[in-house]
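# Results of the structural survey
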Amino acid sequence: MFKRLIALLLACMLTMGTLCAWAEPEGIAIDGESTPGEIDTVVDAGDLFLSIDDLGTSLLANDDGGEEALLPTVLSIKKSTTKKVKLGLDYQVEIPGKKIKRCSSSNKKIATVTDKGLIHTKKAGEVRITITPKKGDRIKLKLKVIDPTVPTAVAINEGTRATLVLGGTKQLTATVSPDTAPQSVTWKSSNTVVATVDENGLVTALTPGQATISAVTGNKLKAQLTVKVRRTASGRYMISHAMGGIDGYSYSNCLEGFLENYEEGHRIFEVDMELTSDGKIVLWHGWNRQFCSKYGKDRTPTYAEFMGSRIYDEYTPMDLEALLKLMDQYPDVRIITDSKHSSSTIVKKQFKAIVSTAKRLGIPEVLDRFIVELYTKDMYKVVEGIHHFKEYILTLYKLLGKAPSKSRLQNLASFCRKNGINTIAMYAKWWNPKYTGYVKSYGIDLALYTVNDPDEAQEYFNEGVNALFTDFLPPLD
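Turning next to the overall build of the protein. A count of helical and extended segments in the protein gives nine helices and 31 strands. Relative to its full complement of 477 residues, the protein shows a buried share of 46%. Restricting the contact set of the protein to residue pairs at least 6 apart, pairs at least 24 apart contribute 52%. In the form shown here, the protein has an accessible surface area of approximately 23,100 Å², with 49% of it arising from carbon and sulfur atoms.

Moving on to helix 6 (residues 377-384). For helix 6, the full list of buried residues reads Met379, Tyr380, Val382 and Val383. Angular distribution of buried residues about the axis of helix 6 spans 165 degrees; they occupy a single face of the element. For helix 6, the exposed residues set more than 90 degrees away from the buried face come down to Asp378 and Lys381. Along its buried surface, helix 6 packs onto helix 5 (344-360), strand 27 (370-374), strand 28 (391-395) and helix 7 (406-419).

For the peptide bond that leads from Ser177 to Pro178, omega is -5 degrees, which places it in the cis range. Note on placement: Pro178 falls in the loop between strand 17 (174-177) and strand 18 (186-189). For the bond running from Tyr449 to Thr450, omega is -15 degrees, close enough to zero to count as cis. By the secondary structure assignment, Thr450 is in the loop between strand 30 (445-449) and helix 9 (454-462). Of note, Lys220 is a non-glycine position whose phi angle comes to about 75 degrees, a positive value. Secondary-structure assignment places Lys220 in the loop between strand 21 (209-216) and strand 22 (222-230). At Met243, a position not held by glycine, the phi torsion is positive, near 70 degrees.

Turning our eyes to something else, we now look at the confidence of the model for the protein. When pLDDT is averaged along the protein, the result is 87; 85% of the residues meet or exceed 70. Residue range residues 1-49 is modelled with pLDDT below 50. Its contacts to residues more than four positions away, or to other chains, number 92 contacts.

Let us look at the sheet that holds strand 6 (residues 73-76). Across the sheet, four strands lie side by side as 6-8-11-10; this open sheet has mixed pairing. Of all strands in the sheet, those bounded by a partner on one side alone are strand 6 and strand 10 (111-113). Adjacent strand axes in the sheet meet at a mean angle of 25 degrees when their direction is disregarded. Strand direction decides the pairing type here: strand 10 and strand 11 (residues 118-121), joined by three bridges, are antiparallel. When the bridges of strand 11 are listed, Thr112 appears paired with His120.

Locating Thr423 in the fold gives a position in strand 29 (residues 423-427). A relative accessible area of 3% places Thr423 in the buried class. With near-sequence residues (within four places) excluded, Thr423 lies in contact with Tyr237, Tyr392, Ile393, Leu394, Ile444, Asp445, Leu446 and Ala447.

Conventions we followed
Residues numbered from 1 in each chain as written. Predicted model: local features only at pLDDT ≥ 70, side-chain atom pairs only at ≥ 80, totals over all residues. Heavy atoms only, no water. Helix = DSSP H or I, 4+ residues; strand = E, 2+ residues; numbered from the N terminus. Buried < 20%, exposed > 50% of the residue type's maximum accessible area, 1.4 Å probe, protein only. Contact = heavy atoms within 4.5 Å. Areas by Shrake-Rupley, 256 points an atom, 1.4 Å probe, with all protein chains shown as cover. Arc of directions from axis to C-beta. pLDDT = per-residue confidence, 0-100. Pairing = 2+ DSSP bridges. Axes fitted to C-alpha atoms, helices over the stretch in contact; angles between N-to-C directions.

In C-alpha cells, the structure reads:
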C-alpha cells in the first residue's frame, strides 16, 4: 500500500510537470489531457486512483470510488507567476532544483503559508505569496483563490441580440461559470411594455420597440441580450392615413373609409382629432379644410353641426366615442392619434377626454392600442402625466421647419430611445437615405408621410424606411 502511494505521488508530480523525464512506473497507468474545468489526469495503481483537475485538486480514492484522502497539489514555479487555485485546499510550492528558506502571505485571511511552502486557502480572493529560496532571488506567486460554488461569469447562450415579431416568443438559456456553481439565474426585462420574460427565460414580444433581457446570478453577475420587437417580419408596414382614402377622397376620417381599408388588410390607422367650438373631440384634419358643402372652411363648427353633417356630403362622421367603440369592435386595430395641438392645455384636455371616455364606456383596455403621435419633447411628459400609453411616435412636422441634420436627428433618436419611443416620422420630401444609418444604433424606426405612389414606396423601403403613411396604397403582404 505505501509503495503504491509513493508511486502515485511520483506519477502526480510527472503529470504536473515537476519531473522532466520519467518512465511510467510499473503497474501505474497514467491517462489525461488538460481540459479546463474537468478532471485532467487519472492515475491508476491497481486498487487506488489519483485524480487531478486543472485547479490542482489531487484526490486519492480506492477502487470502489470511496474517498480516502485529499492530497496537497504541487505548484512548481521557476519565476514570479499567477495561479488559480480552489478555496479550502492545500498546495505545496516547489522551486525545481532549489530549497525554500521561508515564505510569507500578503493576506492570511485569504491564504496562509508555512516556511516550507505549504499553502492553505481560506477565503476567495487574491493573495501574494512571497517565496525566498536559500539561493537566488525571491519569487512572488499571485494566487487567485476561487470558490467553486460561487459564479464568476454568466452568459446567455443565444447571443447578445435578437429580433422578434409582435406576439412572437423566444426561449433563452444561460450558462453560469464555473459549472460547479449554481446554474440558476433570475430573468429580467428592462421594458415589460415591449417584451416580458418569465422565470424560465421565455421572452414574449408585446409591443414594437426595444428591451434588454438580463440573466442575473445570485451574486449579481449579469448577462444581457437586446430584443428588438417589430410589427412584421420584414420590419416594414403601412399606415392608413386619416382612416384611409375612399372613392378618391383623402383625409376622410370617416367610418366608411375605415371599413374599406380594414377589408383591404390595413390594421394601423392614423386619425385626425380636432375640437369643435364647444370643446368636443371629433375626427377631422382641421377646420381650414372643408368637411361638407353646407359649411365653409376656416369655420369651427359645433359638435352638433359636425356630427349632423356628412363628410364630403357622403360619409359618416365620427367622434371620440365612436372611435373607441370601433376599436373595441376590432381588437386587432391600432390607432395613431394625430391630435394636431402641442399646447399643453389642449393636449391635457384631449387626452384626459380619451382616457375618461374609454373608462366610462367600460373599455379601458383599448387605450393599450393607441399610438400617441408627439409633436414636441414636452408633449411626452404631459401625456405621460395623464396616462402611460404603450406606444409613441415622435413626428417632426411641427417640431422642425426643415429636414433634420445628422446631429439633430441623432439627438431626437437618443431622446426616443431613453423614453421608449419607437418611431420618428417626417415628411417624405425631407427623406435622406443617410438617415437610416444615423439612427440605426438607437433602435428607432423611421416613418414617412404621405406616400401614394407604389414605386416611390418601394424605393423608400429599399432605403431603410420602416413605415409609410398612405391614403390609397394597400398594406404589405
